[in-house]
Amino acid sequence: MRFLLVCGLLLAVGPSVANDTSAVLTTGGLEFITNQDIVMESEELFISKEEIRVVYQFRNTGEVDQNILVAFPMPDIVPNFWSPVAFPMGPDDNLFEFETTLNGEPVEAELHEYAYAFGVDRTKLVKQLGLPLVPITSAASEATDALDDETTQRLLHMGMVTPDEFDAGEGWEKHYWPAWTYKATYTWEGDFPAGETVEVVHTYKPSVGGTVAVSFLSEPYEDYDPAKEYAAKYCTDEAFLNAVKATLASPDDTYSAPFTESWISYILTTGGNWGGGAISRFRLVVDKGSTDNLVSFCGEGIKKIGPTTFEMVKTDFWPDRELDILILERREGE
């Protein structure tokens, strides 16, 4: 029997709360079109700035072997050259440097790539013009800017390029940058034998956003209260705040905190698509990277298990919110 399994990397752009801020593309794990026979027995999730690694144990509780089409959609890449989004930096054909195995064997996934503008598939046109499908690279910008005027005007009419006019020091210049949305999905097939457990592992590099300073100590302005937002999103409690304040040059000098912020987001709520809805056993490990760093995220029963690692273990876990992690990285020499 053939069903569809979707490994979801969903796009969400975080808020820009200060100058020199980069937002984050939210990443996630396996998403499934509801299948009551396939039960997620366990999920082991490891998150650091360098890597996200997920180990799944799935059991086919049915009486029929299932050959499942697996898909891993990458988040949409929407170029915005004036936005602080932290785009992935991998090669064009694997931006998130995604790798997966099934029962320990590497999986050869097929990459499907598309270019969209205003909801219209323009993949064929982009290829005809010899432009890279990934629009956020310098190669794509250079290729788009080198197009002849007639082609540029055609793409401008389609919403596929964005004009940029600026004073380069020797007079005003006008350039045109890629504006199409990049969509990509990896697909592969795997066998889930009746009554057996199958292990699926995938690893990839997260998109990490952040700021060059600590922003949540700032005073509220207009309708925005940074401290309240961070408390809701990252569960920054009194102990965490006191640890940061202890590093200030003076109590009133909130800009003297010797940290930069890093944000990592991960979609957890897709676990409800599996048989039974809940994850039988869930284990999360977050690595803050250095003993000089601080970390905060929401969860229950979190305990420190190593110099830089923190663990949360749950049984019959049905996540009701996404996972947002705040890492304060101590600046070198401060």
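Each value, and the rule that gives it
Residues numbered from 1 in each chain as written. Predicted model: local features only at pLDDT ≥ 70, side-chain atom pairs only at ≥ 80, totals over all residues. Heavy atoms only, no water. Helix = DSSP H or I, 4+ residues; strand = E, 2+ residues; numbered from the N terminus. Buried < 20%, exposed > 50% of the residue type's maximum accessible area, 1.4 Å probe, protein only. Contact = heavy atoms within 4.5 Å. Areas by Shrake-Rupley, 256 points an atom, 1.4 Å probe, with all protein chains shown as cover. Lys, Arg positive; Asp, Glu negative; His and termini not counted. Salt bridge = Lys/Arg side-chain N within 4 Å of Asp/Glu carboxyl O. Polar contact = N/O pair within 3.5 Å; in protein donor to acceptor, adjacent residues only side chain to side chain. Pairing = 2+ DSSP bridges. Phe/Tyr/Trp six-rings, centres within 6.5 Å; stacked < 30°, edge-to-face > 60°. Lys NZ or Arg CZ within 6 Å of the ring centre and 35° of its normal.

A. Fine view of the overall build of the chain. In terms of helices and strands, the chain carries five helices and 23 strands. For the chain, the residues scored as buried account for 49% of the 334 residues in total. By sequence separation, contacts in the chain at least 24 residues apart represent 74% of the contacts at least 6 residues apart. Counting every atom, the chain has about 16300 Å² of accessible surface; 49% of that belongs to carbon and sulfur.

B. Representation of the side chain of D287 within the structure. By secondary structure assignment, the location of D287 is in strand β19 (residues 279–287). One buried charge, D287, has no salt-bridge partner; the nearest side chain with opposite charge is K288, at 8.2 Å. One polar contact links the side chain of D287 to the main-chain amide nitrogen of G289, over a distance of 2.8 Å. Of the polar contacts made by the side chain of D287, one reaches the side chain of T308; its length is 2.8 Å. With residues near it in sequence (within four places) discarded, D287 still touches F46, I47, S48, T308, T309 and I327.

C. Structural detail: the side chain of N60. Looking at where N60 falls in the secondary structure, it is placed in strand β6 (residues 52–60). For N60, a relative accessible area of 0% translates into the label buried. Here V64 takes part through its backbone oxygen, which lies 3.0 Å from a polar atom of the side chain of N60. Not counting residues within four places of it along the chain, the set of residues in contact with N60 comprises D37, I38, D65, Q66, F192, P193, A194, G195 and E196.

D. Up close: the sheet that holds strand β21 (residues 303–304). In space, the eight strands of this open sheet follow the order β10-β9-β16-β6-β5-β19-β22-β21, with mixed pairing throughout. The strands lining the two open edges of the sheet, one partner per strand, are β10 (105–106) and β21. In this structure, strand β5 (residues 38–47) lies alongside β19, joined through six bridges in parallel fashion. Residue pairing for β19: I47 is matched across the bridge by V286.

E. Layout of the packing of aromatic side chains. Counted according to the given criterion, the structure contains nine aromatic pairs. Aromatic pair Y230 and Y234: ring centres 5.3 Å apart, planes at 55 degrees, arrangement tilted. Residue Y230 and its partner Y234 are both found in helix α4 (residues 226–234); the two are separated by four residues, about one turn of the helix. Residue Y230 is classed as buried on the basis of its relative accessible area, which comes to 2%. Its guanidinium or amino end placed over the ring of Y116, K183 lies 5.6 Å from that ring's centre, counting from NZ or CZ.

Worth remembering: the numbers are spatial, not functional.
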